[in-house]
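As a plain string of letters, each chain reads:
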Amino acid sequence: QVQLVESGGGLVQAGGSLRLSCAASGSPFSALAMGWFRQCPGKQRELVANITSGGITNYADSVSGRFTISRDTAKNTVLLQMNSLKPEDTAVYYCNAVLRPHYYSDPRGYWGQGTQVTVSS
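The following refers to the structure shown.

Each value, and the rule that gives it
Residues numbered from 1 in each chain as written. Predicted model: local features only at pLDDT ≥ 70, side-chain atom pairs only at ≥ 80, totals over all residues. Heavy atoms only, no water. Helix = DSSP H or I, 4+ residues; strand = E, 2+ residues; numbered from the N terminus. Rg over C-alpha atoms; globule rule 2.2 N^0.38 Å. Buried < 20%, exposed > 50% of the residue type's maximum accessible area, 1.4 Å probe, protein only. Contact = heavy atoms within 4.5 Å. Areas by Shrake-Rupley, 256 points an atom, 1.4 Å probe, with all protein chains shown as cover. Lys, Arg positive; Asp, Glu negative; His and termini not counted. Charge placed at Lys NZ, Arg CZ, Asp CG, Glu CD. Pairing = 2+ DSSP bridges.

Attention shifts here to the overall build of the protein chain. For the protein chain, the count of helices and strands is 0 helices and 11 strands. The helix and strand sequence of the protein chain, counted from the amino end, reads β-β-β-β-β-β-β-β-β-β-β. Relative to a compact globule of 121 residues, whose C-alpha radius of gyration would be 14 Å, the protein chain shows 14 Å and is just as compact. By principal-axis analysis of the C-alpha atoms, the protein chain measures approximately 50 × 25 × 20 Å. In the protein chain, buried positions account for 39% of the 121 residues. In the protein chain, the share of contacts with a sequence separation of at least 24, taken over all contacts with a separation of at least 6, comes to 56%. Of the roughly 6,500 Å² that the protein chain leaves accessible, carbon and sulfur atoms contribute 49%. Of the charged side chains in the protein chain, 10 are positive and 7 negative, and the gap between their average positions amounts to 3 Å.

It is worth spelling out the pairing of strand S9 (residues 91-100) at this point. Of all 10 residues that make up S9, 7 are buried, and the element is covered over most of its length. Examined bridge by bridge, strand S4 (residues 30-39) and S9 share 8 bridges and lie antiparallel to one another. Its bridge partner lying in S9, Trp 36 is registered against Cys 95. With 3 bridges connecting them, S9 and strand S11 (residues 115-120) associate as antiparallel partners. When the sheet's bridge partners are listed, Ala 91 is paired in S11 with Val 117.

So, in structure tokens, the structure goes:
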């Protein structure tokens, strides 16, 4: 069974850095786009950054220049390096990926379980 397994996150002071990692377990046939979303209490989930299988990246304006997304296509993993963190970056961060579980499968979306990032002022 294909799942997204996240690691990283935690508590950091403003101006600090954290790195999030997400791996697609269960040996999916292929991963198309992979990325990260975040959600604050009472707010909608929003895109933070994503990256295509060809390496094209997209960032939310609020994190552009501070966060960097990268992926290891062979290992079906995606990383999010977060620098110069601000209190407003505090949220639950969710990994998202469009995967083909098997060679005969249509692509479908998957979500990780979420990891808390807290930035103190």
